[in-house]
Structure formats: structure tokens, C-alpha cells
Amino acid sequence: MAEGGIFGSPPEPRFNDEGCLPLDVLEDVFLLHAKKNEEVIHQGSSDDGSFKHGTWSETIFLICKKFQQPAETRYLAVEIFDRFMITNLKNLHQPVEKDRKWCIPVSVWNRSSKKCKKRILLYMLSCVQVASKMCSHKRILSCRRCCEFLRDAGVFCSRDLVLDCELCVLKTLNYKIHVSSPVVYIEALLEIIGRSTQVAGGQLRSIHGTSLQVLDLVYLKRNAIYSKLYEVVTGDVLGSTLERGKTGFLCVEKDAMLLAACVIAAATYILDRTTVCQVIGQLYRTTNIPQEDIIDFSTVLVVYCLS
């Protein structure tokens, strides 16, 4: 059956199509997303984001491309992997924290960390597995396909080990795996923009496609982009995690709504500069994010996209 069939997943959002939810309902749904985003900002730890940049993100993106996963799967998989690795490493390090004699605990930590390094590709694949089940029932990754992928990569393991690793990810996160990736906010904002402005549905779909490309860049160059943003806003160099926490910049790094709005603004600027002011104005009215903040961040993104 075709992708757009009853049992398929649409290849892309159909902005402004007839039969969509009324604007007031969309805004109510958006408010729920905004509330969830605020909770994530204030409940996260200073370690958030340690594993969602550079090679980590690139490898997961390539795995998703190999299995032809929809766009949301790759971002969700990175978010799950980041949370899993941080929690897993903290759990492995607990014996060292509890016992300061540094004899047996250090050897335990060395063995555990070495085992973790050996399984890093398997952990990534398991996070893609979990994300695929949340995003598209048609493209769920089976243990058999995972084993074939690992064999091609030179890693030989049984289906039982693949299943155990997926369960390890779920148990480590206490089965709390539902997180909203930035693409959810991007699509919600674009839908509202389409209902509230003169931007046509076809143009919105082009902005959506370009936004995903910009978002890919953010995940691949996350540290460099946020360091540059910090420099633009404060005139200073981004320091340690502690310093970022003191200045409140960690909240900026965790703000998926801010990221989504600025990605849309950057994508609009790249595609059609004549509508960027209209789009930024609507982003401000919808999110209450100051236009100056949207312009500062989106400018950084455009510079990295065009460099």
C-alpha cells in the first residue's frame, strides 16, 4: 500500500488541508506542548545534551537513514539515547560514589565502562528501535533486521542480546521514554502560522523540509552553535557547565520551543526573505518569545547553514 494509505505514514505534514483541526483547538494543543516544554526546562539536569551532538547524533542519523525511518524517529532516538547514556553512566558510577576506598569500586567502574563502550552501537540501535515504535508502526525495527545491520557492521550478536539491550534502555529510563522532539514543536508552529498568516500550504511544506535540514545541523554542531549563541548574547565565551548554570544559559539549551521557532525563522530566511518578518511576527505572537531573541538565534543558524 502507498505511504499515504490507511495503514501508511504520511510522507510529510499536510499543512492547511481541509479537515484539519480548528485554529482554537490547535492553539490549545500547542499550549499543552508549551507546558511540557517548561517542565523539561526546569526538571532536567546539567548533564542533559552530553550525548546529542557530533558523532553521537551523526551515527544515529545514519542508522535511521539505513532503515528509512521518518524524520521524527531520528530526533527522538537521539533524545532517548542522550537520556539513557546519562542515566546509565550515573548508575554504573554509583559504587565509586558510595565507597571512597577506591580499591574494588574503581575496578568495577573500569569493567562496567569498558562493557558500555563495547555496546555503544547496540545501545544506539536500541534507541532507534524504541523511537521507531513510537513514530511509525509501519517501520518498526525487528530484532532480525537489527542483527543483520550489526552483522554488516562487524558486530555479531544474537536476537536475545538485541532484545535484552532494548529492555535495558527501557528499564534504565523507567519506561518513561515519551519525550517531545523539536520537530513536534516545529510542525505545530507551522500549522498555526498557516492558519494565521497568508503563507500558503505549499510554502509551509517547503519551510518544513528546510527546517528539518537546519535541525539536522543543530544536532550535528550543537556545541558550536550554542557556544556562538552565548557569545552573541553575552559577548563572552561559553564556559563550564557550572558557569552556564549560573548564567541561566542551560535553560536556553534545553528550550525546544525556542529552538523550533528559531529553526523555522532560519529556514524561512533561507527560502524567502520577503516573508521572514511576517513569520517571525507570528512566532512571537504564538510563543511569546521576544522577536530579538528569535532573530539572534536564527541569525546564528543561518550563518552556520550558509558557511
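As the structure is a computational prediction, the values presented were derived from the model and not from experiment.

A.B. asks: Quick one: what's the story with the overall build of the protein chain, residue by residue and with numbers?
C.D. replies: Per the secondary structure count, the protein chain includes 15 helices and 0 strands. Counting contacts in the protein chain only where the partners sit at least 6 residues apart, residues at least 24 apart contribute 76% of the total. For the protein chain, the exposed area adds up to about 16,000 Å²; of that, 54% sits on carbon and sulfur atoms.

A.B. asks: Residue-level account of helix 2 (residues 54-66), with values.
C.D. replies: Taking 1.5 Å per residue, 13 residues should reach 18 Å; helix 2 reaches 18 Å between its end C-alpha atoms and fits that length. Buried residues of helix 2: S57, I60, F61, I63 and C64, and no others. Buried residues of helix 2, seen end-on, are gathered within an arc of 160° and therefore sit on one face of the element. Among the exposed residues of helix 2, those oriented more than 90 degrees off its buried face are T55, L62, K65 and K66.

A.B. asks: Would you mind going over the pattern of salt bridges in detail, with residue names and values included?
C.D. replies: Enumeration over the complete set of coordinates arrives at 6 salt bridges. In this structure, K52 engages E79 in a salt bridge whose closest nitrogen and oxygen atoms are separated by 3.0 Å. Of this pair, K52 sits in the loop between helix 1 (23-43) and helix 2 while E79 sits in helix 3 (residues 71-98), and the two are 27 residues apart along the sequence. The buried category is assigned to E79, whose relative accessible area is 13%. The closest approach of N and O atoms between E191 and R195, which form a salt bridge, is 3.5 Å. Of this pair, E191 and R195 are both found in helix 8 (residues 182-196), 4 residues apart, which corresponds to roughly one turn of the helix. The class of R195 is partly exposed, set by a relative accessible area of 26%.

A.B. asks: Describe the environment of K254, listing the residues and the values that go with them.
C.D. replies: Inspection of the secondary structure assignment puts K254 in helix 12 (residues 249-254). Take K254: its relative accessible area is 16%, and that puts it in the buried class. Expressed as a C-alpha distance, the spacing of K254 and H42, which sit 212 residues apart in the sequence, is 8.8 Å. Not counting the four nearest positions on each side in its chain, K254 is found in contact with N37, V40, I41, G44, S45, S46 and D48.

A.B. asks: Describe the packing of aromatic side chains, and please don't skip the residues or the numbers.
C.D. replies: Applying the stated criterion across every chain yields a total of 11 aromatic pairs. Through pairs of rings, three or more aromatic residues link up here, namely Y226, Y230, F249 and F297. It is R74 that lies over the ring of F61; its NZ or CZ is 5.7 Å from the centre.

A.B. asks: How would you sum up unusual backbone geometry? Please name residues and give values.
C.D. replies: Non-glycine residue Q68 carries a positive phi angle of around 55°. Relative to the helices and strands, Q68 resides in the loop between helix 2 and helix 3. Under the relative-accessibility criterion, Q68 is labelled exposed at 58%. Even without glycine at this site, N174 takes up a positive phi of about 55°. Relative to the helices and strands, N174 is located in the loop between helix 7 (159-172) and helix 8.

A.B. asks: Describe the nonpolar core, and please don't skip the residues or the numbers.
C.D. replies: Counting 84 residues, the largest nonpolar core has I264, L283, F297 and L301 as its most contacted members. When near neighbours in sequence (up to four residues on either side) are disregarded, I264 contacts I186, L189, L190, I193, I207, S211, V279 and L283.

A.B. asks: Residues and numbers for the packing of helix 5 (residues 120-135) against helix 7, please.
C.D. replies: In contact at an axis separation of 9 Å, helix 5 and helix 7 are set at 70° when each is read in the N-to-C sense. In terms of orientation, helix 5 lies roughly perpendicular with respect to helix 7. Contacts between helix 5 and helix 7 involve L122, Y123, S126, C127, Q129, V130 and K133 from the first element and L161, V162, C165, E166, C168, V169 and L170 from the second. Looking at the contact of helix 5 with helix 7 residue by residue, the classes come out as 10 nonpolar, 2 polar and 2 charged.

A.B. asks: Give me the lowdown on the packing of helix 5 against helix 6 (residues 143-152), citing residues and values where you can.
C.D. replies: It is the contact of helix 5 with helix 6, at a shortest axis distance of 11 Å, that shows an interaxial angle of 145°. Considering how the two elements wind past one another, helix 5 and helix 6 form a crossing that is right-handed. Judged by residue contacts, L121, L122, L125 and Q129 of helix 5 engage C143, C146, F149 and L150 from helix 6. Partitioned by chemical class, the residues of the contact of helix 5 with helix 6 number 7 nonpolar, 1 polar and no charged.

A.B. asks: Residue-level account of the side chain of D82, with values.
C.D. replies: As for its placement among the helices and strands, D82 is situated in helix 3. The buried charged residue D82 lacks any salt bridge, with K52 as its nearest oppositely charged partner at 4.9 Å. There is a polar contact of 3.2 Å between the side chain of D82 and the backbone nitrogen of S50. A distance of 2.7 Å separates a polar atom in the side chain of D82 from the backbone nitrogen of F51.

A.B. asks: Summarise the confidence of the model for the protein chain; cite the residues concerned and give the values.
C.D. replies: Of all residues in the protein chain, 85% attain a pLDDT of 70 or more, and the chain-wide mean is 85. The least confident element of the protein chain is helix 11 (residues 241-247), whose mean pLDDT is 59; the most confident is helix 13 (residues 256-271), at 96. Across residues 1-8, where pLDDT falls below 50, the model places 14 contacts with residues more than four positions away in sequence or in other chains.

Rules and cut-offs
Residues numbered from 1 in each chain as written. Predicted model: local features only at pLDDT ≥ 70, side-chain atom pairs only at ≥ 80, totals over all residues. Heavy atoms only, no water. Helix = DSSP H or I, 4+ residues; strand = E, 2+ residues; numbered from the N terminus. Contact = heavy atoms within 4.5 Å. Areas by Shrake-Rupley, 256 points an atom, 1.4 Å probe, with all protein chains shown as cover. Expected span 1.5 Å × (residues − 1). Buried < 20%, exposed > 50% of the residue type's maximum accessible area, 1.4 Å probe, protein only. Arc of directions from axis to C-beta. Salt bridge = Lys/Arg side-chain N within 4 Å of Asp/Glu carboxyl O. Phe/Tyr/Trp six-rings, centres within 6.5 Å; stacked < 30°, edge-to-face > 60°. Lys NZ or Arg CZ within 6 Å of the ring centre and 35° of its normal. Core = buried A, V, L, I, M, F, W, Y, C linked by side-chain atoms within 4.5 Å. Axes fitted to C-alpha atoms, helices over the stretch in contact; angles between N-to-C directions. Parallel < 35°, antiparallel > 145°, perpendicular 65-115°, else oblique. Nonpolar A, V, L, I, M, F, W, Y, C, P; charged D, E, K, R; others polar. Left-handed = near helix turned anticlockwise from the far one by under 90°. Lys, Arg positive; Asp, Glu negative; His and termini not counted. Polar contact = N/O pair within 3.5 Å; in protein donor to acceptor, adjacent residues only side chain to side chain. pLDDT = per-residue confidence, 0-100.

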